Amino acid sequence: MEQFFHTLLTMSATAAIAAIVVMVLRLPLKKAPRYLTCLLWLVVLFRMVCPVSFESPVSIMPQAISTETYEAITLPLTESSPVIQTETPTREAAVPTEPVTAPTETAPTLTQVLLPIWAVGCGGFLLWLVLSYARLRHRVADAVLLRDNIYETDRVDTPFVCGFAKPRIYLPVGLDPQLVPHVVRHEEAHIQRLDHITKPLFWLALCLHWFNPVLWLAYILFCRDLETACDQKVIRDLDRQD
């Protein structure tokens, strides 16, 4: 488990560096199509789930000091050096008169202390994700089918896409009829870009790195870029009057 935690910390540090690079690149790419920065965020997602080798020269944890055996080197005597022979008195092996005490337990290492904390945090975020998804599906269970994969419900306040294999578009009741076509195109753009898959994957990876504030900021910016990219796609398909 210590090796796993070491790998996780290295992955988190590498992903944070990649996220900072993307944040810097977003400035000169401000006027470029937003889908370009979305592709860059996928690089950060890859670094969050891709293990990094321990042999990398860049590491946030010091390498363990290897224990080696050393042989004593005996220098040969020169001819001028006198040889003094002494007799070493032999001693009988001492018989211990008291029982040998067991070695005292060592204090837990930093990894042994932090690993349970990380596991509790990771499990908490995963549980929150599962419960939130189950609650959302329960709220839209009585949604009315309008057409194709578009549903309408009075239990939500904003349109969104829900589902993985068969994503559905949910619209709130009372939406302006003139805006409905544009809203539907926006949500369909999410499905075409597979945002309903990449966004949950980013969140799952974030559950592993919940202790890294840089990756939380990266997730927020990633979600904003997804929305902007879909808006830009819808606007490109509109005529001048729309």
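Here the structure is shown first, and the text comes after it.
Definitions and cut-offs
- By convention here, each chain's residues receive numbers from 1 onward along its written sequence.
- Totals for whole chains, interfaces and linings use every residue, but because this is a predicted model, local features are given only for residues with pLDDT of at least 70 and side-chain atom pairs only at 80 or more, for both listing and counting.
- Excluding hydrogens and water, the side-chain figures rest on all heavy atoms present in the structure.
- In short, DSSP must find at least two bridges between two strands for them to pair.
- Going along the chain from the N terminus, every DSSP run of H or I of four or more residues is numbered as a helix, and every run of E of two or more is numbered as a strand.
- Geometry is summarised by axes, namely lines fitted to C-alpha atoms with helices restricted to the contacting stretch, and by angles between N-to-C directions that run from 0 to 180 degrees.
- Note on contacts: a residue pair qualifies if any of its non-hydrogen atoms lie within 4.5 Å across the two residues.
- What sets the label is the angle itself: under 35 degrees gives roughly parallel, over 145 gives roughly antiparallel, 65 to 115 gives roughly perpendicular, and the rest give oblique.
- Helix crossings fall into two classes, left-handed where the near helix is turned counterclockwise from the far one by less than a right angle and right-handed where it is turned clockwise.
- To pair, rings of Phe, Tyr and Trp, with the six-membered ring standing in for Trp, must have centres within 6.5 Å; the planes then decide the type, stacked if under 30 degrees apart, edge-to-face if over 60, and tilted in the middle.
- Helices are assigned an expected span. That span is 1.5 Å times one less than the residue count.
- Think of it in three bands: residues with accessible area under 20% of the maximum for their type are buried, residues over 50% are exposed, and the middle band is partly exposed, with areas taken using a 1.4 Å probe on protein chains only.
- Contacts described as polar in this section are N or O atom pairs within 3.5 Å, which, within protein, must combine one atom able to donate a hydrogen with one able to accept it, while residues neighboring in sequence count only if both atoms come from side chains.
- In this description, a nonpolar core means a group of buried Ala, Val, Leu, Ile, Met, Phe, Trp, Tyr and Cys residues linked to one another through side-chain atoms lying within 4.5 Å.

**Considering the sheet that holds strand β1 (residues 144-147)**
As summarised here, the arrangement of the four strands in space is β1-β2-β4-β3, forming an open sheet in which the pairing is mixed. Whereas interior strands pair on both sides, the edge strands pair on one side only; in this sheet they are β1 and β3 (160-162). For this sheet the average axis-to-axis angle between neighbouring strands, irrespective of direction, equals 35°. Of the pairings in the sheet, the one linking β3 to strand β4 (residues 168-172) comprises three bridges and is antiparallel in character. Bridge assignment links V161 to a residue of β4, and that residue is I169. Its contacts with the sheet put helix α4 (residues 180-192) on β1, β2 (150-153), β3 and β4, and the angle it makes with β4 is roughly 150°.

**What about the environment of V214?**
By secondary structure assignment, the location of V214 is in helix α6 (residues 213-236). Sequence separation of V214 and S12 is 202 residues, and the distance between their C-alpha atoms is 9.4 Å. When near neighbours in sequence (up to four residues on either side) are disregarded, V214 contacts A16, A19, I20 and M23.

**Some details on the packing of helix α2 (residues 34-49) against helix α5 (residues 195-208)**
When two helices pack together, their arrangement is given by the angle between their axes and by how far apart the axes lie. It is at 10 Å that the axes of α2 and α5 come closest, and there the two elements cross at 40°. Considered as vectors, α2 and α5 are oriented oblique to each other. Relative to α5, α2 is oriented so that their crossing is left-handed. Residue-level inspection shows W41, L42, L45, M48 and V49 of α2 in contact with α5, the latter providing T198, L201, F202, A205 and L206.

**Topic: the packing of aromatic side chains**
For the coordinates displayed, the defined rule picks out 13 aromatic pairs. Taken together, the ring pairs connect F125, W128, F202, W203, W210, F211, W216, Y219 and F222 into an aromatic cluster.

**Thoughts on the side chain of T153**
When you line up the elements, T153 lands in strand β2. Residues contacting T153, with those up to four places away along its chain left out, are R139, V140, D142, A143, L171, P172 and V173.

**Looking at helix α3 (residues 110-139)**
Here α3 contains 30 residues, and its C-alpha end-to-end distance of 44 Å stays within 8% of the 44 Å for a straight helix at 1.5 Å per residue. Where α3 is concerned, the buried positions are T111, L115, W118, G121 and C122. The secondary structure elements touched by the buried residues of α3 are α1 (2-25) and α5.

**Observations regarding the environment of Q192**
Residue position: Q192 is located in helix α4. A relative accessible area of 54% means that Q192 is categorised as exposed. For the pair Q192 and C230, spaced 38 residues apart in the sequence, the C-alpha separation amounts to 9.7 Å. Looking at Q192, its side chain comes within polar contact range of the side chain of K233, at 3.3 Å.

**Details of the nonpolar core**
Membership of the largest hydrophobic core comes to 23 residues, with the highest contact counts inside it found for A19, W41, V44, M48 and L215. Those elements giving two or more residues to this core turn out to be α1, α2, α5 and α6. Element by element, the count of residues in this core is highest for α6, at eight residues. Not counting chain neighbours up to four residues away, the residues in contact with L215 comprise S12, A15, A16, A19, V44, M48, F202, L206 and H209. In terms of nonpolar packing, the next biggest core, distinct from the first, is built from seven residues, Y151, V156, F160 and Y170 among them.

Just distances and angles here, no functional claims.
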